[in-house]
Amino acid sequence: MASIDLEDVILEIPTEAPPFPLPSRSLESAPIWASGADGVLRIDRCGSCEYYIHPPSPRCPECGSWEVAPSAVSGRGTVYTFTIGLQEFIPGFPPHCVALVEIDEQPDVRVIGRVAGCRASEVEIGRVVQASFNRVNDEVWLPYFTLVAS
Amino acid sequence: MSPRGERNAYVRGIGQSQVGRRLMRSEMSLTIEASLAAVEDAGLTIDEIDGLATYPGEMNIQPGFAGPGSPSVQEALRLNLNWFSGGSEGAAQIQAVINACMAVSTGLARNVLVYRTVTESSAQVGGRGVAAETPEVGGLLEWLMPTGAVSAVHWLALVAQRYFHEFGVTRDLVAEIAINQRKNAALNPKAVYTEPLSMEDYLGARMISTPLCLFDCDVPIDGSTAFVISHVDTIGDAPKTPIHVNAVGTALRHRNSWEQWPSPTLTASADAAAHLWERTDLTPSDVDVAELYDGFSILTLLWIEALGFCGRGEAASFIQGGRIALDGALPINTHGGQLSAGRLHGFGFLHEACVQLRGEGGARQVAGSPQVAAVGNGGGPIGGAMLVTAGLG
Ligand SMILES: [Zn+2]
């Protein structure tokens, strides 16, 4: 038997800056990391063919247009895959869930973030989730996801 | 078919340093030991080495990972080089070997020394935290580490969880990778973990990042592996069985970042393996032994499928019933792999392929004089493959 029962693992809503490395923030990625300041998830989108581009890039890989800018999305998505990290890679940091979330607007855009506000045993592939943000500083707002009642 | 310049190269010599946990020897010391062993094994002198290649070369990354850069080794061995190369991008760790093949094929060098050195076990002594080592991350890691996927185990656990979900795989069905390799390691005098591993041990093991447990993760060690890659026109005076490079696979065709891959079975290993088979007349059924990267056990499963030994999603059933054991139809990771022999980081697989094709495996030698070996390196967005043979094949 695995030594930890996932039903006993509470994934707390993050309220402080986590002890993870920070994004170095390129000209393309900086607006995406800062987007959560107003509680809205934004993903680069092509102004010509409306394709969402993530990770962000200055030119649309679908149609070749350079008319690309961050665009608000609903923040709703579906868990494509996830893992519950139980080993303490950062001393004292509790078990956490990392998920790849397919956004409702375009399934080949996966946003990576923690799933929180539930027990680890409740996280499943296919669960619908909603993005919120964990403020690190004014430039970096980390997306995290909570389960939407199904 | 495109020209196959890699066939102008062969593995003339192999060498390995002392290998183990917490050796507390310098990376240069291990590198020189492995390099001199490979040069001697090739029947050459250090003066006849005119090319040098390594993976990844000097890198400002976690201690013990990179080993010494090629200019440092050139200095230490006072090599007289016409060509040298180091770098972390390309077809996984064995890109360095493939670079050497290209160098001899183009005539830039005749005898290339290739090495990969790790001292990750000794570096763990008094190690610092993840965040202290890497305060800021860019490139592919920019999307992983800030959100808590701080270790490679998280990145591959995401792949494994999806793979398990899509193909109805459970942990008991993949345990054979770790269990079989532990059996093989018991026959390898250089392996670090040799005590038997049972199904109960595996299923009861501490979870690291679901669904991967302790025994799904490889073990950091210290050690250096080296090869001498030479031009085939020198084959006449090679003292040991020459190991021919039949084909290499270096492709990158899908979205191969750590999180946007199209499917768990379409990561870089799939591209490298497809490319490999495009460059040879041999087929998967010709392979006698396979040495497939196992930084995490899921990667070996994906290599088995990528190389076409079974269909997509079928690896968990393929490995049952002793098929991958030393006396099975397709022996895999005959030295114990990185899970049990230790993380020589990619180079251990080509080394073991050469050992098996030469018939130098001792207690772990696969019977029946294996003639063709497949080697896979890497995982996630990094994949490289080689097909090597004991004859011209
Ligand atoms: Zn477009």
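The rules we used
Residues numbered from 1 in each chain as written. Chains lettered and ligands numbered in written order. Predicted model: local features only at pLDDT ≥ 70, side-chain atom pairs only at ≥ 80, totals over all residues. Heavy atoms only, no water. 1 Å grid on protein atoms, 1.4 Å probe; cavity = no way out; pocket = protein on both sides within 12 Å on 5 of 7 lines; lining within 4 Å. Points joined across faces, edges and corners; volume = space filled by probe spheres on them. Nonpolar A, V, L, I, M, F, W, Y, C, P; charged D, E, K, R; others polar. Phe/Tyr/Trp six-rings, centres within 6.5 Å; stacked < 30°, edge-to-face > 60°. Helix = DSSP H or I, 4+ residues; strand = E, 2+ residues; numbered from the N terminus. Buried < 20%, exposed > 50% of the residue type's maximum accessible area, 1.4 Å probe, protein only. Contact = heavy atoms within 4.5 Å. Pairing = 2+ DSSP bridges. Axes fitted to C-alpha atoms, helices over the stretch in contact; angles between N-to-C directions. Donors = N, O, S within 2.8 Å, 3.2 Å for Na, K, Ca; no water. Tetrahedral: all angles 85-135°; square planar, octahedral: opposite > 155°, others 65-115°. Buried area = accessible area lost by both parts, 1.4 Å probe. Salt bridge = Lys/Arg side-chain N within 4 Å of Asp/Glu carboxyl O. Polar contact = N/O pair within 3.5 Å; in protein donor to acceptor, adjacent residues only side chain to side chain. Core = buried A, V, L, I, M, F, W, Y, C linked by side-chain atoms within 4.5 Å.

Caption draft 1: Looking closely at empty space enclosed by the protein. Under the definition given, this model contains four cavities of 30 Å³ or more. Forming the boundary of the largest cavity are Ile32(A), Trp33(A), Leu41(A), Ile43(A), His54(A), Val111(A), Ile112(A), Phe133(A), Trp141(A), Pro143(A), Trp143(B) and Thr147(B). For the lining of the largest cavity, the class distribution of residues is 10 nonpolar, two polar and no charged. In this model, the second largest cavity occupies a volume close to 70 Å³. Looking at the lining of the second largest cavity residue by residue, the classes come out as eight nonpolar, four polar and one charged.

Caption draft 2: The arrangement of the packing of aromatic side chains in detail. Residues and elements named next belong to chain B. In this structure the tally under the stated criterion is seven aromatic pairs over all chains. On the basis of an interplanar angle of 50° and a centroid distance of 5.8 Å, the ring pair of Tyr-293 and Phe-349 is categorised as tilted. Of this pair, Tyr-293 sits in the loop between β10 (289–292) and α10 (297–306) while Phe-349 sits in helix α13 (residues 347–358); the two residues are 56 residues apart in sequence, bridging distant segments of the chain. With a relative accessible area of 7%, Tyr-293 lands in the buried category.

Caption draft 3: Expanded view of the side chain of Thr31(B). By the secondary structure assignment, Thr31(B) is in helix α1 (residues 27–41). With near-sequence residues (within four places) excluded, Thr31(B) lies in contact with Pro68(B), Val73(B), Tyr115(B), Thr117(B) and Ser224(B).

Caption draft 4: Broad picture of the sheet that holds strand β3 (residues 83–86) of chain B. Residue and element names in this part refer to chain B. One open sheet holds the nine strands; their spatial order is β3-β2-β4-β8-β1-β9-β12-β11-β10, and the pairing between them is mixed. The open sheet has two edge strands, β3 and β10, and neither has a second partner. When strand polarity is set aside, the average angle formed by the axes of neighbouring strands in this sheet is 25°. Examined bridge by bridge, strand β4 (residues 111–119) and strand β8 (residues 222–231) share nine bridges and lie antiparallel to one another. Of the residues in β8, the one forming a bridge with Val-114 is Phe-227. Relative to β8, α1 is tilted by about 35°, and along the sheet it contacts β1 (9–16), β4 and β8. Relative to β8, helix α3 (residues 95–106) is tilted by about 20°, and along the sheet it contacts β1, β2 (51–54), β3, β4, β8, β9 (243–249) and β12 (384–389).

Caption draft 5: Spatial organisation of the coordination of the zinc ion. All names here are of chain A. With distances of 2.3 to 2.4 Å, the protein atoms coordinating the zinc ion are Cys-46 (SG), Cys-49 (SG), Cys-60 (SG) and Cys-63 (SG). Note that the zinc ion binds four donor atoms; their angles at the metal cover 100 to 115°, and the shape is tetrahedral. Positions of the donor residues of the zinc ion along the chain correspond to the pattern C-x2-C-x10-C-x2-C.

Caption draft 6: Up close: the interface of chain B and chain A. Listed per partner, the contact involves 40 residues of chain B and 42 residues of chain A. Taken together, the two surfaces of chain B and chain A that pack against each other cover about 3500 Å², and 60% of this comes from carbon and sulfur. When the area that chain B buries against chain A is broken down by residue, the three leading residues are Trp143(B), Thr147(B) and Leu158(B), summing to 21%. In this structure, the connection of chain B to chain A is made through one salt bridge. A salt bridge links Arg255(B) to Asp108(A); the shortest N-O distance between them is 3.7 Å. Taken together, the connections running from chain B to chain A amount to 22 residue pairs in polar contact (both at pLDDT 80 or more).

Caption draft 7: Representation of the nonpolar core. Residue and element names in this part refer to chain B. Counting 142 residues, the largest nonpolar core has Val-97, Val-112, Ile-229, Ile-304 and Met-386 as the members making the most contacts within it. Looking at this core element by element, the count peaks at nine residues for helix α6 (residues 152–167). When sequence neighbours within four positions are dropped, the list of residues in contact with Met-386 reads Ile-94, Val-97, Ile-98, Val-245, Ala-247, Val-248, Leu-276, Leu-350, Ala-373, Ala-374 and Val-375. Counting 15 residues, the second-largest nonpolar core is a separate cluster that includes Leu-52, Leu-77, Ala-226 and Val-228.

Caption draft 8: Just the sheet that holds strand β3 (residues 42–46) of chain A, in detail. Residue and element names in this part refer to chain A. Taken in spatial order, the three strands of this open sheet run β4-β3-β5, and their pairing is antiparallel. Two strands in the sheet have a free side with no partner beyond their single neighbour: β4 (52–53) and β5 (68–72). As paired strands, β3 and β4 are joined by two bridges and run antiparallel to one another. Residue Asp-44 lies in a different strand from β4, and its bridge partner there is Ile-53.

Caption draft 9: Up close: the environment of Leu27(A). Tracing the sequence through the fold places Leu27(A) in the loop between β2 (22–23) and α1 (30–34). As a C-alpha pair, Leu27(A) and Arg42(A) span 15 residues in sequence and 15 Å in three-dimensional space.

Caption draft 10: Layout of the pairing of β3(B). Residue and element names in this part refer to chain B. Burial along β3 is one-sided: Trp-83 and Ser-85 are buried, and none of Phe-84 and Gly-86, which face the opposite way, are. Across four bridges, β2 lies against β3 in parallel orientation. What sits directly across from Ala-53, in β3, is Ser-85.

Caption draft 11: Local environment of unusual backbone geometry. Of the consecutive residues His54(A) and Pro55(A), the connecting peptide bond is found in the cis state with omega at 0°. The topology assignment puts Pro55(A) in the loop between β4 and β5. Of the consecutive residues Thr210(B) and Pro211(B), the connecting peptide bond is found in the cis state with omega at 0°. Among the structural elements, Pro211(B) can be located in the loop between β6 (207–209) and β7 (212–213). Positive phi is not limited to glycine here, since Arg22(B) has a value of about 45°. Residue position: Arg22(B) is located in the loop between β1 and α1. Positive phi, close to 50°, is recorded for Asn333(B), a residue that is not glycine.

Caption draft 12: Spatial organisation of the environment of Ile112(A). Position of Ile112(A) relative to the elements: it lies in strand β8 (residues 110–115). You can call Ile112(A) buried: its relative accessible area is 5%. Spatially, the C-alpha atoms of Ile112(A) and Tyr144(A) are 8.2 Å apart, while their sequence positions differ by 32 residues. Apart from residues lying up to four places away in sequence, Ile112(A) is in contact with Val98(A), Ala99(A), Leu100(A), Pro143(A), Trp143(B), Leu144(B), Thr147(B), Ala149(B) and Leu158(B).

Caption draft 13: View of the pattern of salt bridges. Summed over the entire model, instances satisfying the criterion amount to 18 salt bridges over all chains. Asp138(A) is the salt-bridge partner of Arg135(A), the closest N and O atoms lying 2.8 Å from each other. Residue class for Arg135(A) comes out partly exposed when judged on its relative accessible area of 39%. Residue Glu6(B) is joined to Arg279(B) by a salt bridge in which the shortest nitrogen-to-oxygen separation is 2.8 Å. Remark: Arg279(B) occurs in the loop between α9 (268–278) and β10 and Glu6(B) occurs in the segment before β1; sequence separation between them is 273 residues. Per residue, the accessibility class of Glu6(B) equals that of Arg279(B), and both read buried. One salt-bridge network, in which partners are shared between bridges, spans Asp41(B), Lys240(B), Arg358(B) and Glu360(B).

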